[in-house]
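Topology and contacts: notes
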Amino acid sequence: AQSVSQHNHHVILSEAASLELGCNYSYGGTVNLFWYVQYPGQHLQLLLKYFSGDPLVKGIKGFEAEFIKSKFSFNLRKPSVQWSDTAEYFCAVKVAEYGNKLVFGAGTILRVKS
Amino acid sequence: SQTIHQWPATLVQPVGSPLSLECTVEGTSNPNLYWYRQAAGRGLQLLFYSVGIGQISSEVPQNLSASRPQDRQFILSSKKLLLSDSGFYLCAWSPTGGLNTEAFFGQGTRLTVV
């Protein structure tokens, strides 16, 4: 069965610092990968997604992620974080061979200090 | 446009009482439907998913069950709640059609079993 690992549960950064959140998945076949964000008091929303093609995908609010198939990774990056990026971030993977079920990682709580 | 409704938003139930959480989707047909439980530090745990009416896949053994009596209706139930059933429950849907679809989430239900 597929699984998703997020390496850091809590990250604290100062404004303007660069961000990289790690995500690794376990399945070796064809996958679709997602990053979701949950701002305090709000519901989950999609940041970006990878289906095929260019492994570097750009999402909303200046976020990007790079799919590295050989490393089974899909790390999320942002060059300069803002206080408003304080949120919980979830990596997720969908595998068609497993009936399109969508499996999430444990999440990373990001706190940006102003 | 498509919308997802999940209710109630909060619920306090005594141990041993039954549970019924309802989720409906509007504006689409034959969606994939999901129930997740969100717990601090554990991310989103997939409980059930469904690719069609009456088709339910259970991910973890537990005190809960799910049903899909209509195409766009997904119900999470329990006959007798346990204290450990307390948590935040999220319903989600994604368009049918395989991998290349993202999931959209409801606002969630905060369940407290007392």
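Coordinates for the structure precede this section.
Computed from a prediction, not measured in an experiment: that's the story for all the values here.

**As for the overall build of chain B**
- A tally of helices and strands in chain B yields zero helices and 11 strands.
- Mapped from its N terminus to its C terminus, chain B presents α and β elements in the order β-β-β-β-β-β-β-β-β-β-β.
- The globule rule puts the C-alpha radius of gyration for 114 residues at 13 Å, and the 14 Å found for chain B is close to it.
- Counting only C-alpha atoms, chain B reaches 40 × 30 × 25 Å along its principal axes.
- For chain B, the residues scored as buried account for 50% of the 114 residues in total.
- Here the analysis covers contacts within chain B between residues at least 6 apart in sequence; of these, 53% occur between residues at least 24 apart.
- Per element, the accessible surface of chain B, about 5200 Å² overall, is 53% carbon and sulfur.
- Positive and negative charge centroids in chain B, built from 7 and 6 side chains respectively, lie 10 Å apart.

**Thoughts on the state of the cysteines**
All names here are of chain A.
- Throughout the structure, instances matching the rule amount to two disulfides over all chains.
- Bridging Cys23 to Cys91, the disulfide has an S-S length of 1.9 Å. Judged by the sign of its S-S torsion, about -70°, the cystine formed by Cys23 and Cys91 is left-handed. Here Cys23 is found in strand S4 (residues 23-25), whereas its partner Cys91 is found in strand S10 (residues 87-94), with 68 residues between them in sequence.

**Here's the deal with the pairing of strand S6 (residues 55-58) of chain B**
Residues and elements named next belong to chain B.
- As paired strands, strand S5 (residues 43-52) and S6 are joined by three bridges and run antiparallel to one another. Bridged to Gly52 within S6 is Gln55.
- Remark: two residues form the turn of the hairpin made by S5 and S6, two consecutive strands paired antiparallel; Gly54 in that turn has positive phi of roughly 75°.

**Things to note about the sheet that holds strand S1 (residues 3-7) of chain B**
Residue and element names in this part refer to chain B.
- Within the open sheet, the four strands sit side by side as S1-S3-S8-S7. Their pairing is antiparallel. Single-partner strands in this sheet number two, and they are S1 and strand S7 (65-70). Taking each pair of neighbouring strands and ignoring which way they run, the sheet shows an average axis angle of 20°.
- Relative to strand S8 (residues 73-78), S7 runs antiparallel, the two sharing four bridges. Residue pairing for S8: Ser67 is matched across the bridge by Ile75.

Conventions adopted
All residue numbers refer to positions counted from 1 along the written sequence of the respective chain. The order in which chains are written sets their letters, starting at A; the order in which ligands are written sets their numbers, starting at 1. The model is predicted, so local features are restricted to residues of pLDDT at least 70 and side-chain atom pairs to those at 80 or more, both for listing and for counting; the totals for chains, interfaces and linings are taken over all residues. Hydrogens and waters are ignored; side-chain quantities use all the structure's heavy atoms. Helix and strand assignments come from DSSP, with helices taken as H or I runs of at least 4 residues and strands as E runs of at least 2, each series counted from the N terminus. In this description the radius of gyration comes from C-alpha coordinates, and the expected globular size is given by 2.2 Å times residues to the power 0.38. Burial classes: relative accessible area under 20% of the type maximum marks a residue as buried, over 50% as exposed, and values in between as partly exposed (1.4 Å probe, protein chains only). Residue contacts are defined here by distance: any two heavy atoms, one from each residue, within 4.5 Å place the two residues in contact. Here the accessible surface of atoms and residues is derived via Shrake-Rupley with a 1.4 Å probe, and residues count as covered only by protein chains that are part of the display. Note on charges: Lys and Arg go in the positive column, Asp and Glu in the negative column, and His and the chain ends are not counted at all. Just so you know, the charge point we use is NZ for Lys, CZ for Arg, CG for Asp and CD for Glu. When the sulfur atoms of two cysteines come within 2.5 Å, that pair is taken as a disulfide. Strands are labelled as partners when DSSP assigns at least two bridges between them. Working convention: axes come from line fits to C-alpha atoms, limited for helices to the stretch in contact. Angles between N-to-C directions cover 0 to 180 degrees.

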